[in-house]
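Listed below, chain by chain, are the residues.
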Amino acid sequence: MKSYDFKSVEKKWRQRWEETGVFHARNDYTLPKFYCLVEFPYPSGQGLHVGHPRSYTALDIVARKKRLQGFNVLYPMGWDAFGLPTENYAIKNHMHPGQVTVQNVARFKKQLQSLGFSFDWSREINTTDPEYYKWTQWIFLRLYEKGLAYKKEMAVNWCTSCKCVLANEEVVNGVCERCGSDVVRKVKSQWMLKITEYARRLIDDLDDLNYIERVKIQQKNWIGRSEGAEVEFRTTEGDSFTVFTTRPDTLFGATYSVLSPENPLIDKWEAKIKNIGEVAAYRDECARKSDFERTELNKDKTGVRIDGVEAINPVNGEKIPIFIADYVLISYGTGAIMAVPGHDTRDWDFARKFSLPIIEVVSGGDVDREAHTDCETGLMVNSGFLTGLSVADAKTEIIKWLSDNGKGAAKVSYKLRDWVFSRQRYWGEPIPIICCGKCGHVPLDESSLPLRLPEVESYEPTDSGESPLAKLTDWVNVKCPRCGGDAKRETDTMPQWAGSSWYFLRYCDPHNDKEIASGEALDYWTPVDWYNGGMEHTTLHLLYSRFWHKFLYDIGVVPTPEPYAKRTSHGMILGENGEKMSKSRGNVVNPDDIVNEYGADTMRLYEMFIGDFEKAAPWSSTSVKGCKRFVDRVWALQEIIIKGEYRAELEGDMHRLIKKVTEDIDNLKANTAIAAMMSMLNRIYETGAVTRGELKTFLLLLNPFAPHLTEEMWEICRFGGEVTGQKWPVFDSEKCVDETVEIAAQINGKVRARIVVGADISADEAISQAKSDKKIKDAIEGKTIVKELYVKGRLVNIVVK
RNA sequence: GCCGAUGUGGCGAAAUCGGCAGACGCAAGGGACUUAAAAUCCCUCGCUGGAAACAGCGUACCGGUUCAAAUCCGGUCAUCGGCACCA
């Protein structure tokens, strides 16, 4: 026997698979289908990261097993290629970002192919391909048509030196990552998508989805539903502002109110504000901080009292001071709050600092010492007509009173904010809108899509903070499609998230030039049966794509209200030192090196064996060798083949192994499936031989994990055809059970002996058999037996005194 | 700070529903084969004491519930992911 030459074997089978197209999903819509999806990568300049194959291998195993189980499997791959890093690389190296993308994609594809994934490459997509982004633009036009895309003044990060808009990531400690200059908040008109319109459905529909629990929880908290009331406060200026509160019951305890520094009422009151200088300075200071810095709880509370205007508490007519403070955000709620220091921790801290009155309105705490936030117990006090009620009843009563008197109403509020959809960058989908002085925003006609990204000289943003597209006057200046007058194209582009919000639909029918995908293809393939991706995408990509899908469902484009039936998430692969892999830390492992030295099968096995799929795991170059040894030991089985089916001594083990591997794959526990196969291999070597029947089953079970090795051995052993044409093995549950089991015999919960009993033994028999064991007999000698327990197939516990 | 998660030998980890902690693998030590090395094969391998039998301790830390806790409850500490223009 020659030693296993993984290089030539892997090459041979990859060529064979490519020639026969055995992994192409079939367009026969009568077959049972399985749509298996992994997040498509961003083709970065660094090449494939060892983290990518973790997720891809796990679902490749699922896809390969499902095919053997008779499903028509769609397991596609593509490129999410628009985005900032490519653009920045292009600027730095004076290349076209499209060219950079072509290079990166070629490298990624070669790397992925070297790992033997069973992707259907005939359905490959690329978000930067005009034939693809035509449909991204088409969806945007539908959103615009339905009033879900609108323009709004928003604060952006502005580098005072580069004179351009920065992504949050490009702002490090308040300064520009590139030049180190100060970054300020600057207001710009931005395209927004009304995801908030879908907030309720995005939360409620989670209940019926098979998502891992932490994903559901994180999405729920991100959307942040809270029930309460809106209350209108009139001011001494005769105007008013509205606050949102989850505790309308405490309205009698509101002793001041706070507006966000950006609140436009301040400008309106300018002439009346005596300390306008101080107020303006504070507003300026806040403009430099991010929301994140502003809302940090343990920071010192800051704020400025507005001297000259007061608010009126609607429930008792009392005048209360108005502050501006940075912990109130314009982007959440109404940009104004009522402050109840007795019953809210932040308000309490603030009131203490500014010596404001603290009134107790719910009994049971000590509001002089700390805020009393418990609303389960305690009754209303100092609260007029609410006094004596429970908090829950007081909420109902006050909301009724507010609506009856036209001073407020019940309100459900969400933390979720609308999606900022504009980028002042080049490398993204152009927004298909024309701005006309007379007609306003005019959408392009569908027939003129795709609106192609034009060639520009330089990809640097302009000094005014506009996209580089703004420099192309020939492209920008157009006639208005509605009135024929002079008009300009929108020069902002879409964010990277746009293309990835619907890509799974395109895989169903990727070459369709009439529609996103045909109705039949969507009816058959959607929803995605299993979608795996990183935890870091939970609140953005995953939520955005659910939003777009629901919208497409509402306008009749897709047949299901949800895109993904099941969602799982993988942990990161860390460097050998346990830290995140990065160039700067110098702990990057290149998948190419592993494939070259050990082969794709070993790489796949190692990444699956590394530990719990959902948890982060550090890379270990020595542990890879263990998987290589396993591969070689499997290869060596061909030396000891004998004729026959399952031998009696291994029959139970074989059935248990089929059960274990089958179930573990479905539960994403490839690590324990591999451990079980290693144990079986050890067991086979103990017997000194393997029968053809046993080897067949073993190779079938191992095939999804190590496809090249198993195909080669299948061929060498002349088992007939190829593994890809076989049926997944089935187990007989009766044969999985042993007749006898070894159980523990405990005294007071401590193991004192192990005994072998029949699997079906009764409790009495098990206990008496335990008592007849010498050690147990000695241990209970002269003691009183308090209790005796038998846990079937596990243990006997005798409690003595 | 807020939201979500994690913490088990020298290392990666395993352990249906609360039921024998450490499966499987790596590293290490010892042995076989070899002129030698590599590869391969066999043995040992949580900690402490003991020649051994065995005993005690042990799943981040403190406390609780239970016949029984890695698992459930309360608290503490540490680490990681996300925080809306990175993808």
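Rules used throughout
Residues numbered from 1 in each chain as written. Chains lettered and ligands numbered in written order. Predicted model: local features only at pLDDT ≥ 70, side-chain atom pairs only at ≥ 80, totals over all residues. Heavy atoms only, no water. Helix = DSSP H or I, 4+ residues; strand = E, 2+ residues; numbered from the N terminus. Contact = heavy atoms within 4.5 Å. Lys, Arg positive; Asp, Glu negative; His and termini not counted. Charge placed at Lys NZ, Arg CZ, Asp CG, Glu CD. Expected span 1.5 Å × (residues − 1). Buried < 20%, exposed > 50% of the residue type's maximum accessible area, 1.4 Å probe, protein only. Axes fitted to C-alpha atoms, helices over the stretch in contact; angles between N-to-C directions. Parallel < 35°, antiparallel > 145°, perpendicular 65-115°, else oblique. Left-handed = near helix turned anticlockwise from the far one by under 90°. Nonpolar A, V, L, I, M, F, W, Y, C, P; charged D, E, K, R; others polar. Near = heavy atom within 4 Å. Polar contact = N/O pair within 3.5 Å; in protein donor to acceptor, adjacent residues only side chain to side chain. Pairing = 2+ DSSP bridges.

1. What to know about the overall build of chain A
Within chain A, the regular secondary structure consists of 26 helices and 32 strands. In terms of principal-axis extent, the alpha carbons of chain A reach across some 100 × 85 × 50 Å. For chain A, the share of sequence-separated contacts (at least 6 apart) that also reach a separation of at least 24 residues comes to 72%. Charged side chains in chain A number 106 positive and 115 negative. The centres of these two groups are separated by 2 Å.

2. What about helix 21 (residues 648-666)?
Between its terminal C-alpha atoms helix 21 stretches 28 Å, which fits the 27 Å expected from 19 residues at 1.5 Å a residue. Looking at helix 21, one finds that the buried residues are Leu 650, Gly 652, Met 654, His 655, Leu 657, Ile 658, Val 661, Thr 662, Asp 664 and Ile 665. Considering only its buried residues, helix 21 is in contact with helix 2 (51-68), strand 23 (530-534), helix 22 (670-687) and helix 23 (692-702). Of the residues trailing helix 21, Leu 668 is marked for its positive phi of about 60 degrees.

3. Description of the side chain of Ser 114
Within the secondary structure, Ser 114 is located in helix 4 (residues 97-114). With near-sequence residues (within four places) excluded, Ser 114 lies in contact with Arg 14, Val 595 and Ala 600.

4. A look at the packing of helix 20 (residues 621-635) against helix 22
At a minimum axis distance of 11 Å, the contact between helix 20 and helix 22 shows a crossing angle of 45 degrees. Of the possible angle classes, the one that applies to helix 20 and helix 22 is oblique. Read as a crossing pair, helix 20 and helix 22 show a hand that is left-handed. Where helix 20 approaches helix 22, its residues Phe 630, Arg 633 and Val 634 are matched on the opposing element by Met 677, Met 678, Leu 681, Asn 682 and Tyr 685. Of the residues contributing to the contact of helix 20 with helix 22, the split by class is 6 nonpolar, 1 polar and 1 charged.

5. Some remarks on the protein's contact with RNA strand B
Surrounding RNA strand B, one finds 67 residues, the nearest of these being Asn 168, Trp 497, Ile 610, Arg 629 and Arg 754. Put simply, 64% of the atoms of RNA strand B that lie within 4 Å of the protein are in sugar or phosphate. Between RNA strand B and Asp 612 there is a distance of 3.4 Å, counted from a phosphate oxygen to a backbone nitrogen or oxygen. Among the elements that line the surface near RNA strand B, the one with the most residues is helix 22, at 6 residues. Within the surface near RNA strand B, the residues separate by chemical class into 28 nonpolar, 20 polar and 19 charged.

6. A few points about helix 17 (residues 541-554)
Taking 1.5 Å as the rise per residue, helix 17 with 14 residues should run 20 Å; its terminal C-alpha atoms sit 20 Å apart, in good agreement. Here helix 17 lies mainly inside the structure; 12 of its 14 residues are buried. When helix 17 is considered as a whole, its buried residues turn out to be His 541, Leu 542, Leu 543, Tyr 544, Ser 545, Arg 546, Phe 547, Trp 548, His 549, Lys 550, Phe 551 and Leu 552. Looking one or two residues past helix 17, Gly 556 carries a phi angle of roughly 80 degrees, positive in sign.

7. Concerning the sheet that holds strand 5 (residues 149-159)
Picture the strands of a sheet paired through backbone hydrogen bonds; they go either parallel or antiparallel. In spatial order, the strands read 6-5-9-18; together these 4 strands make up an open sheet with antiparallel pairing. The open sheet has two edge strands with one neighbour each: strand 6 (164-166) and strand 18 (419-420). Seen against the sheet, helix 5 (residues 130-145) touches strand 5 and strand 9 (183-193) and runs at an angle of roughly 85 degrees to strand 9.

8. So, the pairing of strand 13 (residues 256-259)
Here strand 13 shows no split at all, with Tyr 256 and Val 258 on one side and Ser 257 and Leu 259 on the other all buried. By the bridge criterion, 4 bridges tie strand 13 to strand 16 (residues 336-339) in an arrangement that is antiparallel. For Tyr 256, the partnering residue across the bridge sits in strand 16 and is Ala 339. Sheet analysis places strand 13 next to strand 15 (residues 319-324), joined by 3 bridges and oriented parallel. Considered in strand 15, the bridge of Leu 259 is made with Ile 324.

9. Things to note about the environment of Ser 355
Mapping Ser 355 onto the fold places it in the loop between helix 11 (345-353) and helix 12 (391-404). It is 38 Å that separates the C-alpha atoms of Ser 355 and Cys 159, two residues lying 196 residues apart in sequence.

10. Concerning unusual backbone geometry
With glycine set apart, most residues show a phi of negative sign, and most peptide bonds adopt trans. The omega torsion across Leu 449 and Pro 450 is -5 degrees, close enough to zero to call that bond cis. Of the consecutive residues Thr 526 and Pro 527, the connecting peptide bond is found in the cis state with omega at -5 degrees. With respect to the helices and strands, the residue Pro 527 is situated in the loop between helix 16 (519-525) and strand 23. With a phi angle near 50 degrees, His 94 is a residue other than glycine that sits in the positive phi range. Counting through the fold element by element, His 94 comes out in the loop between helix 3 (84-93) and helix 4. If you check the backbone angles, Asn 748 has positive phi at about 50 degrees while not being a glycine. Mapping Asn 748 onto the fold places it in the loop between strand 29 (740-747) and strand 30 (750-758).

Read these as geometric descriptors, not functional statements.
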